[in-house]
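# An overview of the molecular structure
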Amino acid sequence: LIEKKRNKNLEWVGIHENWTIEFFIPLAKYFKKSKFLILTRDPRAVITSSLKVSDSKLRGQILSYAKCLRKMYALSCLYMELPIFKNRLMVLSYEDLSINPIKTCKRLCNFLNIKFSSEMLDTNNFIEPSDGKIYNGFSSFEKTTSGFSKQRTIRWRKHLLKNSHQLIDFLCGP
């Protein structure tokens, strides 16, 4: 469907959507040569970003995000143990990618059996398929992001209220 909608012959298709993880088992059964990537992120950073959204109607609730993230982490652990995902599943963290993009990207390339190129790390090459423009990074803190930054992994420390921090740690700590 994605290939048809974009009018392109696609060898690779990726879907960036948290809830897709719930369908990994049927997808793995149907697409026998497929590989799966789970990108995790520190729940404190995810929730801080959500709370920063200017339109309060679009803000997620801490409990909703915590449930979603806990489910994603639990399914990640489960899937890593299932034979159907042997050599087909990789779990990466946003923090690893931001702090050490070369090492993380090389690890990803190895997983996907593709040759690493430094051009992969140039975020000006990241194109948004819906409009053909350079991907803006979709940030609650920056109008446009570019490159990789360790600072983005820890900025929640300045913005997250102590009681929210404690709640997230309580809910997501396990």
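Here the structure is shown first, and the text comes after it.
What this report covers is the structure whose coordinates are included nearby. (Residues numbered from 1 in each chain as written. Predicted model: local features only at pLDDT ≥ 70, side-chain atom pairs only at ≥ 80, totals over all residues. Heavy atoms only, no water.)

This part covers the overall build of the protein. A count of helical and extended segments in the protein gives nine helices and two strands. Reading the protein from its N end, one meets helices and strands in the order α-α-β-α-α-β-α-α-α-α-α. A globule of 174 residues ought to have a C-alpha radius of gyration of about 16 Å, and the protein, at 17 Å, matches this closely. Judged by the C-alpha coordinates and their principal axes, the protein covers about 45 × 35 × 30 Å. (Helix = DSSP H or I, 4+ residues; strand = E, 2+ residues; numbered from the N terminus. Rg over C-alpha atoms; globule rule 2.2 N^0.38 Å.)

Relative to the assigned elements, Asp55 resides in the loop between helix H3 (43-52) and helix H4 (62-81). For Asp55, a relative accessible area of 36% puts it in the partly exposed group. Between the C-alpha atoms of Asp55 and Ile114, which are 59 residues apart in sequence, the distance is 41 Å. (Buried < 20%, exposed > 50% of the residue type's maximum accessible area, 1.4 Å probe, protein only.)

Geometric descriptors of this kind do not, in isolation, establish any biological role.
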